[in-house]
Amino acid sequence: MKRIDFMFAIGYQGVSAIVDKHAKNQYGRLSSLELAEKGFFKSAFCAALYDENNSDLSSIVGIYNNMSGDATVSVDSMKRLLGVFSVPDDISKVIYV
């Protein structure tokens, strides 16, 4: 699965990822931190998770905490909040909607 498809995946069905084509085209060029600053936390978090960039993951959580006013969110709790734990290995097809 490509990084940009993982960033804008809105769901999975079997071995297919369902990707938001409009969001991918409009926001796909932004960095993970730029996405977080615009409020696209799931896409930002997925980008940093795909890159295995721990400093960006922490920065995204910090941006989330500042925007939400909740300073108790950690990287692990953000994974649970967004429902994103890792890059799926078994995805072989992408469906754009």
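Residues numbered from 1 in each chain as written. Predicted model: local features only at pLDDT ≥ 70, side-chain atom pairs only at ≥ 80, totals over all residues. Heavy atoms only, no water.

*Asks:* I tried to follow the packing of aromatic side chains on my own but got confused; where do I start?
*Replies:* In this description, an aromatic ring pair is defined by two values, namely the gap between the centres and the angle between the planes. In this structure the tally under the stated criterion is three aromatic pairs. Ring centres of Phe-6 and Tyr-50 lie 6.2 Å apart, and the angle between their planes is 40°; on these two criteria the pair is classed as tilted. Taken as a pair, Phe-6 in helix H1 (residues 3-7) and Tyr-50 in helix H4 (residues 41-51) lie far apart in primary sequence, 44 residues in all. According to the relative accessible area criterion, Tyr-50 is partly exposed, its value standing at 30%. For the pair Tyr-27 and Phe-40, a centre-to-centre distance of 4.4 Å together with 40° between the ring planes defines the contact as tilted. Taken together, the residues Tyr-27 in helix H2 (residues 21-27) and Phe-40 in the loop between helix H3 (32-37) and H4 connect sequence positions 13 residues apart. (Phe/Tyr/Trp six-rings, centres within 6.5 Å; stacked < 30°, edge-to-face > 60°. Helix = DSSP H or I, 4+ residues; strand = E, 2+ residues; numbered from the N terminus. Buried < 20%, exposed > 50% of the residue type's maximum accessible area, 1.4 Å probe, protein only.)

*Asks:* Where do I start with the packing of H4 against helix H6 (residues 75-82) in this structure?
*Replies:* In a pair of packed helices, the angle between the axes and the distance between the axes together describe the arrangement. Where H4 meets H6, the closest approach of the two axes is 11 Å, and the angle between their N-to-C directions is 125°. It follows that H4 is oblique to H6 by the angle criterion. Relative to H6, H4 is oriented so that their crossing is left-handed. On the side of H4, the interface is formed by Phe-41, Lys-42, Phe-45 and Leu-49, while H6 contributes Val-75, Met-78, Lys-79 and Leu-82. (Axes fitted to C-alpha atoms, helices over the stretch in contact; angles between N-to-C directions. Parallel < 35°, antiparallel > 145°, perpendicular 65-115°, else oblique. Left-handed = near helix turned anticlockwise from the far one by under 90°. Contact = heavy atoms within 4.5 Å.)

*Asks:* So what exactly am I meant to see when it comes to the side chain of Asp-56 here?
*Replies:* In this fold, Asp-56 is placed in helix H5 (residues 54-68). Comment: no salt bridge for buried Asp-56; closest opposite-charge side chain is Arg-3, at 6.6 Å. Asp-56 has contacts with Ser-32, Leu-33 and Ala-48, leaving out every residue within four places of it along the chain. (Lys, Arg positive; Asp, Glu negative; His and termini not counted. Salt bridge = Lys/Arg side-chain N within 4 Å of Asp/Glu carboxyl O.)

*Asks:* How should the pattern of salt bridges be read in this particular structure?
*Replies:* Proximity of charged atoms lets side chains of opposite charge pair with each other. Here the structure, examined in full by the defined rule, presents two salt bridges. The partner of Asp-51 in a salt bridge is Arg-3, with the nearest N and O atoms 3.1 Å apart. Pair noted here: Asp-51 is in helix H4 and Arg-3 is in helix H1, with a separation of 48 residues, a long-range link. For Asp-5, the salt bridge identified is with Lys-24, shortest N-O distance 3.2 Å. Of this pair, Asp-5 sits in helix H1 while Lys-24 is found in helix H2, placing the two residues 19 residues apart along the sequence.

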